[in-house]
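Observations on chain architecture
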Amino acid sequence: MLTRLQELSLIARCVAADDRRAFGQLVAAYSDNLRRFLLSLTGGDVSLVDDLAQETFIKAYLSIRSLKGISRFRTWLFRIAYNEFVSHTRRTRHIDPLTDIDNIDIVDDTDDENLITDTTLSEAIMKLTEPQRAVVQLFYFEGLSVARISTVTGQNQSTVKSHLNRARIRLASLLEKYRY
């Protein structure tokens, strides 16, 4: 993770001198986090993550001059990625991306001494609605505040809090089923 000063210096080099190496440093600093976020949103579709990440970085490079100094590059980049994901979802699905798709069966496996594993948690997260998955990923795994999540998703803060609350309740319920 870059400090704010490092980030601003790299952005200034990109804007002033069209410095591709500086942009490459920004990509290197945020690529893993961005890909992890997209992997969660896409349900583990690695090839789609590759496409969305590439589109995100291309759009970021082409529009870096529009980045306002008040916004962190990471927040701005995640916003572009989220918009790319939503656009892709709208283009490829005949359903509303806000619809809860709940067609994965929970397997009751008591042989593992009722332990909740990373795989179990990942499966439970995948059962959340897309907006809930996005805010859970950004809040718990990327460490963004509700205000920054609001910026990334374009939702007001109360909606983000609502998605987080509903996701917590749903995850608790799903994980309880895994335990017994």
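Okay, so let's go over this structure.

1. Let's talk about the overall build of the protein
Within the protein, the regular secondary structure consists of 8 helices and 0 strands. When its helices and strands are written in sequence order, the protein yields α-α-α-α-α-α-α-α. Taken across its 180 residues, the protein has 42% of its residues classed as buried. Residue pairs in contact within the protein that sit at least 24 positions apart in sequence constitute 66% of those at least 6 positions apart.

2. Examining the side chain of Asn33
Looking at where Asn33 falls in the secondary structure, it is placed in helix 2 (residues 20-41). Owing to a relative accessible area of 15%, Asn33 belongs among the buried residues under this scheme. The residues touching Asn33, leaving out its near neighbours within four places in the chain, are Met1, Arg74, Phe78 and Glu142.

3. Some points on the pattern of salt bridges
The tally for this structure, following the rule as stated, stands at 7 salt bridges. Arg4 serves as the salt-bridge partner of Glu7, at 3.4 Å between the closest nitrogen and oxygen. Separated by 3 residues within a single helix, Glu7 and Arg4 lie in helix 1 (residues 4-17), roughly one turn from each other. Arg4 sits in the partly exposed class, given a relative accessible area of 26%. Salt bridges sharing common partners tie together Arg4, Glu7 and Arg72.

4. Quick word on unusual backbone geometry
The phi torsion at Asp18 lies on the positive side, around 50 degrees, for a residue other than glycine. With respect to the helices and strands, the residue Asp18 is situated in the loop between helix 1 and helix 2. Look at Asp18 and you get partly exposed, because its relative accessible area is 37%.

Reading guide: rules and limits
- Residues numbered from 1 in each chain as written.
- Predicted model: local features only at pLDDT ≥ 70, side-chain atom pairs only at ≥ 80, totals over all residues.
- Heavy atoms only, no water.
- Helix = DSSP H or I, 4+ residues; strand = E, 2+ residues; numbered from the N terminus.
- Buried < 20%, exposed > 50% of the residue type's maximum accessible area, 1.4 Å probe, protein only.
- Contact = heavy atoms within 4.5 Å.
- Salt bridge = Lys/Arg side-chain N within 4 Å of Asp/Glu carboxyl O.

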